[in-house]
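# Secondary and tertiary structure notes
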Amino acid sequence: MMAHQITHAKVIQRKSRGHLVRQIGPHRFKVRSKESGRIYDVILGSTGGTCTCPWGRYRSARDHRSGCSHVIAAINYRARRRGRQISVWGSERAARRQHRPMFSIGDGLIITSRMN
């Protein structure tokens, strides 16, 4: 495990906490970026989501999921409404040490969640 993977994951997680999220459908969200004020469309599935931000638009053909801060903000919004709290990890090893439910969301990021 490399230190920059963990740092990268935590930077994205911190950034996601500043975004404003509004749910507009069962799996659809509008996320306003704290930095730019731009609004992005996020669609969540069972293992991550897609986003219309520049990072999210340019995905590999193999995996369309985005690990951008907007997707993480929407996942966190949905988790909070279910009484859960999420953490973002840059490696499976780091996530497994939490001994909590976990899933990969794309871009090498893994979410763990716990009850509030």
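That block above? That's the structure.
Below, the structure is looked at part by part.

In this approach, a probe sized like a water molecule rolls over the atoms, and the result shows the empty space that is left. The calculated volume of the largest pocket comes to roughly 150 Å³. Along its surface, the largest pocket is lined by Gly 45, Ser 46, Ile 75, Arg 78, Ala 79, Arg 82, Arg 84, Ile 86, Phe 103, Ile 111 and Ser 113. Listed by contribution, the elements that provide at least two residues to the lining of the largest pocket are α3 (69-81), β5 (84-89) and β7 (109-115). Residue contributions to the lining of the largest pocket peak at three residues, all from α3.

The next thing to look at is the side chain of His 19. Relative to the helices and strands, His 19 resides in the loop between α1 (3-16) and β1 (20-23). Judged by relative accessible area, His 19 falls into the buried class, the value being 7%. Of the polar contacts made by the side chain of His 19, one reaches the backbone nitrogen of Lys 34; its length is 3.1 Å. Once residues lying within four places of it in the same chain are set aside, the contact partners of His 19 are Val 31, Arg 32, Ser 33, Lys 34, Glu 35, Ser 69, His 70 and Ala 73.

Spatially, β5-β7-β6 is the arrangement adopted by the three strands of the open sheet, whose pairing is antiparallel. Each having just a single partner strand, β5 and β6 (102-106) make up the two edges of the open sheet. Sheet twist, expressed as the average angle between the axes of neighbouring strands with direction ignored, equals 30 degrees. Relative to β5, α3 is tilted by about 155 degrees, and along the sheet it contacts β5, β6 and β7.

Right, let's talk about the nonpolar core for a bit. As a rule of thumb, nonpolar side chains are buried together in soluble globular proteins. Grouped together as the largest cluster of nonpolar side chains are 22 residues, with contacts concentrated most on Phe 29, Val 42, Leu 44, Cys 51, Val 71, Ile 72 and Leu 109. Mapped onto this core, the elements with two or more residues apiece are α1, β2 (28-32), β3 (39-45), α3, β5 and β7. Leaving out residues up to four positions away in the same chain, Ile 72 has contacts with Ile 12, Ser 16, Gly 67, Ile 86, Val 88, Ile 105 and Leu 109.

On to the state of the cysteines. Throughout the structure, instances matching the rule amount to zero disulfides. Distance from the sulfur of Cys 53, which forms no disulfide, to the nearest cysteine sulfur (Cys 51) is 3.7 Å. Free of any disulfide, Cys 68 has its nearest cysteine sulfur in Cys 53, 3.8 Å distant. The class of Cys 68 is buried, set by a relative accessible area of 1%.

Across the sheet, four strands lie side by side as β1-β2-β3-β4; this open sheet has antiparallel pairing. Unpaired on one side and paired on the other, β1 and β4 (48-51) mark the two borders of the sheet. Recorded for the sheet is a direction-independent mean angle of 30 degrees between the axes of neighbouring strands. Across five bridges, the pairing between β2 and β3 is antiparallel. When the bridges of β3 are listed, Phe 29 appears paired with Val 42.

The rules behind these values
- Residues numbered from 1 in each chain as written.
- Predicted model: local features only at pLDDT ≥ 70, side-chain atom pairs only at ≥ 80, totals over all residues.
- Heavy atoms only, no water.
- 1 Å grid on protein atoms, 1.4 Å probe; cavity = no way out; pocket = protein on both sides within 12 Å on 5 of 7 lines; lining within 4 Å.
- Points joined across faces, edges and corners; volume = space filled by probe spheres on them.
- Helix = DSSP H or I, 4+ residues; strand = E, 2+ residues; numbered from the N terminus.
- Buried < 20%, exposed > 50% of the residue type's maximum accessible area, 1.4 Å probe, protein only.
- Polar contact = N/O pair within 3.5 Å; in protein donor to acceptor, adjacent residues only side chain to side chain.
- Contact = heavy atoms within 4.5 Å.
- Pairing = 2+ DSSP bridges.
- Axes fitted to C-alpha atoms, helices over the stretch in contact; angles between N-to-C directions.
- Core = buried A, V, L, I, M, F, W, Y, C linked by side-chain atoms within 4.5 Å.
- Disulfide = S-S within 2.5 Å.

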